[in-house]
Amino acid sequence: MAKHTFSNESTFRKFLEQGKEDEFHSLFDNAVQEARREFGKAHGIYIGGKEVREGSTITEKSPINGEIIGTFQRANREQAKKAIKAAKDASHSWSATSYKDRARMFNKAADTFSKHKFNISAILSYENGKSRYESVGEVDEAIDFLRYYSNELIINKGFARKTMMEESKSKVGAGFQGAPSARKESVTIRMVPYGVFGVIAPFNFPVSISTGMSSGAMITGNTVVFKPSSTDNMTMLTGLKIYECFKEAGIPDGVFNYITGPGSEIGDELVVNKDVAGIAFTGSRTIGLGMMVKAYGANTPKAFIVEMGGKNPAIVSRYADMDDAVTGVASAAFGFDGQKCSACSRVYVHESIKEQFISKLIEKARGFKIGNPLEKDVYIGPLIGEKAYATYKDAVERAKASGRVLYGGKIVNTGLNGYYVEPTIIEVRSDNELMKKELFVPILAVQGYKEFADAITEANSIEYGLTAGLYSKNTKEIRAFESAIEAGTAYINRDTSATTGAIVGLHTFVGWKGSSIGGKGSGSKYYLPQFMREQSMSLTK
Ligand code: UN1
C-alpha cells in the first residue's frame with residue numbers, strides 16, 4: 001500500500017529530540033572529510049544519460065577559502081541544443097508513464113537523497129558557505145519537496161477528473177449554448193505536461209530549489225534540462241549530486257539532463273529555443289523579467305514559473321515579545337549572510353521601544369560567530385563572492401553618506417581567503433534606495449514608527465511582496481497585519497525567524513507583486529498544476 005501521508009525529514013530536530021546532537025555533528029564532520037576527497041576532479045555534463053566532456057571548462061572554488069571544488073564543462077549553445085533534444089526525445093515515453101509510477105520514483109528519489117544527505121550537505125557548505133544547520137536543513141527541504149509532490153500527485157489522482165451530462169428526454173434540431181442532447185456526454189478532464197522544461201537555479205538554495213523546481217516539472221510528466229548556477233556564483237557539484245540521486249532512484253535517461261555553463265549562452269538558449277515549453281526559474285527580478293521579455297519578444301512564448309526576490313519587512317510593535325523579535329529579526333537578516341530572497345532587510349519598530357530593540361539586536365548580532373561555516377559554532381560564513389562584497393561595501397558607504405551605520409559595516413579578518421563581513425544595521429530615510437533595492441547581503445535597515453497603520457503602509461510601499469513578519473501580542477494589530485500585509489509568505493510572532501525558513505507542508509512559499517509570477521507557491525497544493533496544461537476531452541455516445 002502506498003503511503004498517502006507527508007511528514008518532514010527534520011534531521012536536526014530528530015537528532016536533538018533523541019539526545020543525539022553529538023552524533024549529528026560527527027556525521028557532518030565525517031561527511032566533510034569524505035567530500036574533500038572528491039574535490040579537484042573534472043566533471044562532465046550529462047545529456048540523455050551520457051557524460052559529455054568537450055571544449056573548455058570552468059573551475060569552481062569554495063567561497064570559504066578558495067579551495068578548488070572541481071572543474072566543470074563550460075557548455076555552449078550547441079550542447080544546450082543537444083540537451084534540449086535529448087529531453088524532447090525522452091518526453092513521449094516519460095509523459096506516458098502513469099502518475100502512480102512517477103510518484104513512486106520520486107518517493108524513491110527522496111529516500112536516495114536521504115541516504116546521501118550528510119554528504120550533499122557537506123558539499124553544499126563548501127559550495128556556498130552555509131552553516132551546517134542551514135545545509136542539512138536545505139537538503140531536508142529538498143527531500144520534503146520530493147515527498148510532498150509525490151503525495152500531492154497521489155491524493156489528487158494525477159489531477160484528472162471526469163464529468164458527464166445525462167441524456168435529455170427532449171432533443172432540439174440545432175445546437176445552441178446549453179442545448180439538450182438525447183445522448184449522454186462523458187468528459188475526461190486531465191492535466192497534460194507541457195514537454196521540456198528549462199530549470200535555471202540559484203546559488204543560494206542550489207539543492208532544495210533545484211530539486212523542488214525539477215521534481216515539480218518531472219513528476220507531472222515533463223522532462224528537464226537543468227542548469228545550476230555556473231558563472232560568478234558556482235554550485236555545480238551539488239547540481240551533479242542531484243543528477244546522481246535522480247539516476248540512482250531510477251529516473252530514466254534523458255528525463256533529467258544536467259548542463260553547466262554561462263547563463264548568457266545556455267540559459268539564453270533555454271529561453272529562446274522553440275522546443276523548450278516552459279522555464280522554472282528562481283533568482284533576481286532583473287533576470288526573471290528579462291527572460292520573459294526575451295522569450296515573448298522572440299516569438300517563443302512559454303510557461304514561466306518564476307520566483308524573483310524580495311525586500312522583506314518585519315514590524316516590531318510595542319506589544320511584541322522582545323526576545324522573540326530580536327532573535328527572529330537577527331536570524332532572518334543575518335542567517336546565511338542575508339543571501340536569501342526571504343531575508344529580512346527592513347525592520348519597522350515602534351518609537352517607544354526602538355532604542356531598546358536596537359541595543360538588543362546589536363548584542364545579538366555581536367554574538368554571532370563569523371568564520372569558517374564548516375565549524376559547528378559558526379553562524380555566519382563568507383559572502384558568496386567578490387560581487388556580493390562590492391555590493392556590501394557600496395551599500396555601507398551609501399548608508400554612511402545618507403544616514404547612519406548603527407552596527408557593523410566592516411570586513412572581518414578570519415585568516416581565510418574569502419569575503420567575511422560583519423552583520424550590519426543601518427538607519428536611512430524611508431525614501432532611500434537602500435530601503436527599496438534587494439541587496440542580498442547582511443544589511444538590515446531599521447526605522448521607527450508611531451502609528452501601526454504607518455508601519456504597514458511602509459512595509460507595503462515597495463515593488464516586492466515576498467515575505468513579511470510581525471511581532472505583536474495585540475489582537476487588533478495582528479488582525480490589521482493579516483488583512484493588509486502585501487506579502488505571499490507572512491509570519492506572526494515566529495521566534496525562529498521573522499521572514500525566512502518556510503517549511504514544506506506547513507507553509508507555502510510564494511511571492512506577491514514584483515516577487516513572483518503567477519502567485520502560486522512552492523510546497524503548495526497549487527504548485528504542480530502550473531507544470532501542466534488542462535485538457536477537456538468530451539465524448540458523446
Ligand atoms: C530564495 O532565497 O530564493 O523560506 C528562497 C526560506 C527559503 C526560501 C528561499 N526556503 O527562507
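Model, not experiment: these values are computed from the prediction.

Peer 1: Describe the site of the ligand, listing the residues and the values that go with them.
Peer 2: What surrounds the ligand is the set Glu141, Asn204, Phe205, Ile209, Thr282, Lys340, Cys341, Ser342, Thr500, Gly501, Ala502 and Phe509. Glu141 places a polar side-chain atom, nitrogen or oxygen, 3.3 Å from a nitrogen atom of the ligand. Contacts to the ligand include Ala502, whose backbone N or O atom sits 2.7 Å from an oxygen atom. When the ligand sits alone it has 320 Å² of accessible area, and the protein chains cover 95% of it. Looking at side-chain class alone, the shell around the ligand contains five nonpolar, five polar and two charged residues.

Peer 1: So what about the sheet that holds strand 5 (residues 68–73)? Which residues, and what values?
Peer 2: The strand order across the open sheet built from three strands is 1-5-4, with neighbouring strands paired in mixed fashion. Every other strand in the sheet has two partners, leaving strand 1 (41–42) and strand 4 (57–61) as the edge strands with one partner each. Judged from the five bridges that link them, strand 4 and strand 5 form a sheet pairing that is antiparallel. Among the inter-strand pairings, Thr59 is bridged to a residue of strand 5, identified as Thr71.

Peer 1: Outline the pattern of salt bridges, supporting the account with residue identities and numerical values.
Peer 2: This model, assessed by the stated rule, comprises 34 salt bridges. Among the salt bridges present, the one from Arg77 reaches Glu269, with a minimum N-O distance of 2.9 Å. Placement of the pair is Arg77 in helix 3 (residues 77–96) and Glu269 in helix 9 (residues 263–272), with a sequence separation of 192 residues. Among the residues examined, Arg77 registers a relative accessible area of 27% and is labelled partly exposed. The salt bridge partner of Asp253 is Lys247, with a shortest N-O separation of 2.9 Å. Connected through salt bridges with shared partners, the residues Glu9, Asp111, Lys117 and Arg147 form a single ionic network.

Peer 1: So what's going on with the domain arrangement of the protein chain? Residues and values would help.
Peer 2: Each assigned domain of the protein chain is listed with its residue range as follows: domain 1 (40–161 + 183–308 + 519–540) and domain 2 (312–503). Taken over C-alpha atoms, the centre of domain 1 sits 31 Å from the centre of domain 2. Each partner contributes residues to the interface: domain 1 has 23 residues there, and domain 2 has 27 residues. Summed over both sides, the interface of domain 1 with domain 2 buries roughly 2,100 Å², with 58% coming from carbon and sulfur. Seen at the junction of domain 1 and domain 2, the total is three salt bridges. The residue Glu134 makes a salt bridge to Lys340 at a minimum N-O spacing of 3.0 Å. Of all the elements in the fold, those that place two or more residues in the side of domain 1 that touches domain 2 are helix 5 (117–128) and helix 6 (132–155). Considering only residue class, the side of domain 1 that touches domain 2 consists of seven nonpolar, eight polar and eight charged.

Rules used in this analysis
Residues numbered from 1 in each chain as written. Predicted model: local features only at pLDDT ≥ 70, side-chain atom pairs only at ≥ 80, totals over all residues. Heavy atoms only, no water. Near = heavy atom within 4 Å. Polar contact = N/O pair within 3.5 Å; in protein donor to acceptor, adjacent residues only side chain to side chain. Areas by Shrake-Rupley, 256 points an atom, 1.4 Å probe, with all protein chains shown as cover. Nonpolar A, V, L, I, M, F, W, Y, C, P; charged D, E, K, R; others polar. Pairing = 2+ DSSP bridges. Helix = DSSP H or I, 4+ residues; strand = E, 2+ residues; numbered from the N terminus. Salt bridge = Lys/Arg side-chain N within 4 Å of Asp/Glu carboxyl O. Buried < 20%, exposed > 50% of the residue type's maximum accessible area, 1.4 Å probe, protein only. Domains from an automatic or database assignment. Contact = heavy atoms within 4.5 Å. Buried area = accessible area lost by both parts, 1.4 Å probe.

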